[in-house]
Amino acid sequence: MRRDFFHLDIEDREQLNNLVKAYITPPHIQRRASILLLADQGLNNAEIAAEVGIHESKVPTWIKRYQDREEGTPISEVLKTLPKNPHREIPLEDYKWVKDLVAEHGCKTMIEATELVNREAEAAGYPRLATACYSTIRHILKSK
C-alpha cells in the first residue's frame, strides 16, 4: 500500500481509463495514465513501476505532476512531456566564454575542450560549466 494517500477525481479517473483503453493514445501517455490509475488503487511506486514497465524513480514524477496541476488543467495536459527545466540550461552568455577559452587554448578534440572547460569553469565564475558533459560542450562549440 502507498504511504501517502493519493486519490483521483471521478472525472479524471474516467478520462484516464479512456486514455488507457483508446487505441489512438500514444504508448507513453497510456503509461502515464496507468501510473495515476494504479496509484489511485493504492499500489506503491515499486509495484506501479513493475506493472507499467518503467523505472521506479519515474512514478513520483507523474503523481506529483497530477497533484501540483492548476485548477481546471485538463488531464491530457498533465500527461504531456515535462517542460524543460530552465535551471539545467546554460545561459547564452556562457557560450562566448566557452568558445573563447577553447580557441585561446587551441583544443584539437572535443574531449580536450570538455576537460579544459570543466577544469577552468569554477575559477572563472561559471560553476554550471564545471560539470558540463561532452555533448553540452560540443553543442556550444557547434552553435553559431
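This one's a predicted model, so the numbers in the text were calculated from it and none came from an experiment.

Calculation rules
Residues numbered from 1 in each chain as written. Predicted model: local features only at pLDDT ≥ 70, side-chain atom pairs only at ≥ 80, totals over all residues. Heavy atoms only, no water. Helix = DSSP H or I, 4+ residues; strand = E, 2+ residues; numbered from the N terminus. Expected span 1.5 Å × (residues − 1). Bend = angle between axes of the 7 residues up to and from the residue. Contact = heavy atoms within 4.5 Å. Phe/Tyr/Trp six-rings, centres within 6.5 Å; stacked < 30°, edge-to-face > 60°. Buried < 20%, exposed > 50% of the residue type's maximum accessible area, 1.4 Å probe, protein only. Lys NZ or Arg CZ within 6 Å of the ring centre and 35° of its normal. Polar contact = N/O pair within 3.5 Å; in protein donor to acceptor, adjacent residues only side chain to side chain. Core = buried A, V, L, I, M, F, W, Y, C linked by side-chain atoms within 4.5 Å.

Here helix H7 (residues 110–124) spans 20 Å end to end across 15 residues, near enough to the 21 Å set by a 1.5 Å rise per residue. The largest bend along H7 measures about 25 degrees and falls at Asn118. Against the buried residues of H7 lie helix H6 (92–105) and helix H8 (134–142). Downstream of H7 by a residue or two, Gly125 has a phi angle that is positive, lying close to 90 degrees.

Here the focus is the packing of aromatic side chains. Summed over the entire model, instances satisfying the criterion amount to two aromatic pairs. With 5.6 Å between their ring centres and 65 degrees between their planes, Phe6 and Tyr66 make a pair best called edge-to-face. With Phe6 in the segment before helix H1 (10–21) and Tyr66 in helix H4 (residues 59–67), this pair connects stretches of sequence that are 60 residues apart. Like Tyr66, Phe6 is buried. One residue, Arg69, lies across the ring of Tyr66, its end atom 4.0 Å from the ring centre.

Mapped onto the fold, Arg32 is located in helix H2 (residues 27–40). Among the polar contacts made by the side chain of Arg32, one reaches the main-chain carbonyl oxygen of Leu79 at a distance of 2.7 Å.

The biggest cluster of nonpolar side chains holds 21 residues, and the ones touching the most others in it are Leu16 and Leu36. Breaking this core down by element, the ones donating at least two residues are H1, H2, helix H3 (45–52), H4 and helix H5 (75–78). Top contributing element to this core by residue count: H2, with seven residues. Not counting chain neighbours up to four residues away, the residues in contact with Leu36 comprise Phe6, Leu8, Leu16, Trp62, Ile63, Tyr66, Ile75 and Leu79.

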